[in-house]
Amino acid sequence: MRDSTEPGRTVRLPYDFGDIVYHQTSTGKVRGMVIGFLVVPGATKMLIRWGDDLGQTENFFFELSSEHEPELT
């Protein structure tokens, strides 16, 4: 158990609940919404609900972008 005088730990997140994101490797412009966070030792993932099929995935921050960036051909 942690002593109440000990400072807490902070996880800094690049997105907030409800933010709209895009998967960087997706070929289509499918929007996703941040619906939660998964914080475990050694990893922090975001829970994303995708608009195309209402599927939910766990993604690392570096896989996502706040703007759609079409693939260069």
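*Asks:* What am I meant to see in the overall build of the protein chain here?
*Replies:* Scanning the protein chain from N- to C-terminus turns up 0 helices and 5 strands. Along the chain direction, N to C, the helices and strands of the protein chain fall in the order β-β-β-β-β. Scored against the burial criterion, the 73 residues of the protein chain give a buried share of 19%. Of the contacts made within the protein chain by residues no fewer than 6 positions apart, 32% connect residues no fewer than 24 positions apart. Carbon and sulfur atoms provide 52% of the accessible area of the protein chain, an area that totals close to 5,700 Å².

*Asks:* Is there a simple way to explain the sheet that holds strand E3 (residues 43–50) in this structure?
*Replies:* Strand pairing in a sheet relies on backbone hydrogen bonds, with the paired strands running either antiparallel or parallel. Across the sheet, which stays open at both edges, the 5 strands sit in the order E4-E3-E2-E1-E5 with antiparallel pairing between neighbours. This sheet does not close on itself; its edge strands, each paired only once, are strand E4 (56–59) and strand E5 (64–65). As defined by bridge partners, strand E1 (residues 20–23) adjoins strand E2 (residues 31–40) across 3 bridges and the pair is classed as antiparallel. Pairing of Ile20 across the sheet is with Met33, part of E2.

*Asks:* Would you mind going over a nonpolar patch on the surface with me for this structure?
*Replies:* A cluster of nonpolar side chains, contributed by Val11, Leu13 and Val39, occupies part of the molecular surface with about 230 Å² of accessible area. As for its position among the elements, Val39 is in strand E2. Residue classification places Val39 among the partly exposed residues on the basis of a relative accessible area of 48%.

*Asks:* Is there a simple way to think about the side chain of Thr44 in this case?
*Replies:* Mapped onto the secondary structure, Thr44 falls in strand E3. Given a relative accessible area of 18%, Thr44 falls into the buried group. Other than its neighbours up to four places away in sequence, Thr44 contacts Val11, Leu13, Leu38, Val39, Phe60 and Phe61.

*Asks:* Got a minute to help me understand the pattern of salt bridges in this structure?
*Replies:* Charged atoms that come close allow side chains of opposite charge to pair. Going through the model one piece at a time under the given rule, you end up with 1 salt bridge. Residues Lys45 and Glu58 are paired through a salt bridge, measuring 3.9 Å at the closest nitrogen-oxygen approach. Residue Lys45 is located in strand E3, and its partner Glu58 is located in strand E4; the two are separated by 13 residues in the primary sequence. Owing to a relative accessible area of 22%, Lys45 belongs among the partly exposed residues under this scheme. When its relative accessible area of 44% is taken as the criterion, Glu58 is described as partly exposed.

Reading guide: rules and limits
- Residues numbered from 1 in each chain as written.
- Predicted model: local features only at pLDDT ≥ 70, side-chain atom pairs only at ≥ 80, totals over all residues.
- Heavy atoms only, no water.
- Helix = DSSP H or I, 4+ residues; strand = E, 2+ residues; numbered from the N terminus.
- Buried < 20%, exposed > 50% of the residue type's maximum accessible area, 1.4 Å probe, protein only.
- Contact = heavy atoms within 4.5 Å.
- Areas by Shrake-Rupley, 256 points an atom, 1.4 Å probe, with all protein chains shown as cover.
- Pairing = 2+ DSSP bridges.
- Patch = residues over 30% accessible without salt bridge, like charges linked within 9 Å, V, L, I, M, F, W, Y side chains within 5 Å.
- Salt bridge = Lys/Arg side-chain N within 4 Å of Asp/Glu carboxyl O.

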